[in-house]
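Geometric and topological summary
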Amino acid sequence: MPTVALAVSEGITLFEVAAPCEVFGVDRGLADPWYDFTVCAPASVRLGGWFQVDAPRGLDGLAAAGTVIVPACRNVLEEPPADLVAAVRDAHDAGARVVSICTGAFVLAAAGLLDGRRATTHWMHAARLAELYPRVEVDPGVLYIDDGSVMTSAGKAAGMDLCLHIVRLDHGAAVANDLARRLVVPPHRPGGQAQYIPAPVGPGREHALAGLLPWALARLHEPLTVEDLARRAGMSSRNLARHFHAVAGTTPLQWLHAQRVRRAQELLETTDDGVDVIADRTGMGTAATLRRHFHRVLGVSPDAYRRTFRASAVPG
């Protein structure tokens, strides 16, 4: 059973704690086994200034977890608690995947886990993170960054995105999408999607791609091109690229490839269709093209992906 430990420290806010508890701490029967989830905290810690935490384990419990989540730090103007920093470093040294939400990145940086890595945090605090830890490559413009054994995310809602990304890695796209529906949140916002700083359109208006993206998602089986998207949006290809970068943090072509790979993941998990059929249904044309993009994004072949996530699915 995969183990997840949440590291709670004094004075952190509630939302960053609630997201991993909802994702990893509630077994909804979506996969077997689900996560063995525990909260680790020093004695008498309070959340948000209101609630006292009665944690079953102290911070020493982090070392036994496969995944450690650091939800936030109380104040970026203060040094993170030394015992928390040491416990997080020890957990990573023991082989744990370490994840931060929002200003939890300051704890990971203090532990030396972000040195030489690209990382993110809430855009309001990105400049301070870069100033305090110059060996960290701080990217304030993305929702989350997956760097293998170390992952970082931006503000509160981006922490939920990263938690669902972890479920997708561990249990597959179908399980992650089902969980997102249960939680009534978007099933997948790619990590490269831009943080909204400031909003790329005026207050009270939808962004320029609000009508285009659902239209394209409904037609992934068609051989859509960037020119098709630009024509549908009523703008030039260059203007379309500018809007995609502002809204999705990527190019139109990269976005199309990513959506087609995601759709292929779902079909591999939920149907018996062959790779040729799935390539056609996702607009990739040929099995060779599907295999190339699939391996580039996920590092495995479609057949290997299917075997992995069919085997881990809940029976029935």
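Let me sum up the structure you'll find in this document.

Parameters and conventions
Residues numbered from 1 in each chain as written. Predicted model: local features only at pLDDT ≥ 70, side-chain atom pairs only at ≥ 80, totals over all residues. Heavy atoms only, no water. Patch = residues over 30% accessible without salt bridge, like charges linked within 9 Å, V, L, I, M, F, W, Y side chains within 5 Å. Areas by Shrake-Rupley, 256 points an atom, 1.4 Å probe, with all protein chains shown as cover. Salt bridge = Lys/Arg side-chain N within 4 Å of Asp/Glu carboxyl O. Buried < 20%, exposed > 50% of the residue type's maximum accessible area, 1.4 Å probe, protein only. Phe/Tyr/Trp six-rings, centres within 6.5 Å; stacked < 30°, edge-to-face > 60°. Helix = DSSP H or I, 4+ residues; strand = E, 2+ residues; numbered from the N terminus. Expected span 1.5 Å × (residues − 1). Core = buried A, V, L, I, M, F, W, Y, C linked by side-chain atoms within 4.5 Å. Contact = heavy atoms within 4.5 Å. Arc of directions from axis to C-beta. Pairing = 2+ DSSP bridges. Axes fitted to C-alpha atoms, helices over the stretch in contact; angles between N-to-C directions. Parallel < 35°, antiparallel > 145°, perpendicular 65-115°, else oblique. Left-handed = near helix turned anticlockwise from the far one by under 90°. Nonpolar A, V, L, I, M, F, W, Y, C, P; charged D, E, K, R; others polar.

Taken together, the side chains of Leu-14, Trp-50 and Phe-51 define a hydrophobic patch exposed on the protein surface, amounting to about 350 Å² of accessible area. Look at Trp-50 and you get exposed, because its relative accessible area is 59%.

Each aromatic ring pair is summarised here by two numbers: the centre-to-centre distance and the angle between the ring planes. Counted under the stated rule, the structure contains four aromatic pairs. Both rings, one in Trp-34 and one in Tyr-35, keep their centres 5.0 Å apart while their planes meet at 80°; by these two values the pair is edge-to-face. Judged by its relative accessible area of 6%, Tyr-35 is buried. Three or more aromatic residues joined by ring pairs form one cluster here, namely Phe-24, Trp-34 and Tyr-35.

Attention now moves to helix α10 (residues 252-270). Look at α10: 27 Å from first C-alpha to last across 19 residues, which is about the 27 Å you get at 1.5 Å a residue. Taken together, the buried positions of α10 are Pro-252, Trp-255, Leu-256, Gln-259, Arg-260, Val-261, Arg-262, Ala-264, Gln-265, Leu-267, Leu-268 and Glu-269.

Within the largest apolar cluster, 39 residues are counted, with the highest numbers of intra-cluster contacts made by Val-8, Val-23, Phe-24, Trp-34, Val-167 and Leu-179. Secondary-structure elements contributing two or more residues to this core are β1 (3-7), α1 (14-24), β2 (36-40), α5 (156-171) and α6 (173-183). Of all the elements, α5 adds the most residues to this core, at seven residues. Setting aside chain neighbours within four positions, we find Val-167 in contact with Val-23, Phe-24, Trp-34, Tyr-35, Gly-172, Val-175, Ala-176 and Leu-179. Counting 32 residues, the second largest nonpolar core, distinct from the first, contains Ala-65, Ala-96, Leu-108 and Ala-111.

Val-226, Leu-229 and Ala-230 are the residues of helix α8 (residues 226-233) that are buried. For α8, the arc enclosing every buried residue in end-on projection is 100°, short of the 170-degree limit, so these residues lie on one face. Turned more than 90 degrees off the buried face of α8, the exposed positions are Arg-231 and Arg-232.

Now for unusual backbone geometry. The omega torsion across Asp-32 and Pro-33 is 5°, close enough to zero to call that bond cis. Structurally, the position occupied by Pro-33 is in the loop between α1 and β2. You will see that Cys-102, though not glycine, has its phi angle at about 55°, which is positive. Looking at where Cys-102 falls in the secondary structure, it is placed in the loop between β6 (97-100) and α3 (104-110). The class of Cys-102 is buried, set by a relative accessible area of 7%.

A sheet is described by the order of its strands in space; here six strands give the open sequence β2-β1-β5-β6-β10-β9, paired in mixed fashion. Two strands in the sheet have a free side with no partner beyond their single neighbour: β2 and β9 (144-146). On average, each strand axis in the sheet is tilted by 15° relative to the strand beside it, whichever way the strands run. Across three bridges, β9 lies against strand β10 (residues 150-153) in antiparallel orientation. In the sheet register, Tyr-144 faces β10, and the bridge partner there is Ser-153. Across the face of the sheet, α1 comes into contact with β1, β2 and β5 (67-70) while running at roughly 165° to β1. Contacts from α5 reach β6, β9 and β10, with the element oriented near 145° to β10.

Time to look at the packing of α1 against α5. Between α1 and α5, whose axes approach to 9 Å, the crossing angle comes to 20°. One way to sum up the angle between α1 and α5 is to call them roughly parallel. Note on packing geometry: the crossing formed by α1 with α5 is right-handed. Each of Phe-15, Glu-16, Ala-19, Pro-20, Val-23 and Phe-24 in α1 lies in contact with α5, whose residues at this interface are Lys-156, Ala-157, Met-160, Cys-163, Ile-166 and Val-167. Taken together, the residues that form the contact of α1 with α5 break down as ten nonpolar, no polar and two charged.

In the structure shown here, the tally under the stated rule is ten salt bridges. Residue Arg-231 pairs with Asp-228 through a salt bridge whose shortest N-O separation is 3.0 Å. Of this pair, Arg-231 and Asp-228 both sit in helix α8, separated by three residues, roughly a single helical turn. On the accessibility criterion, Arg-231 (60% relative accessible area) is exposed.

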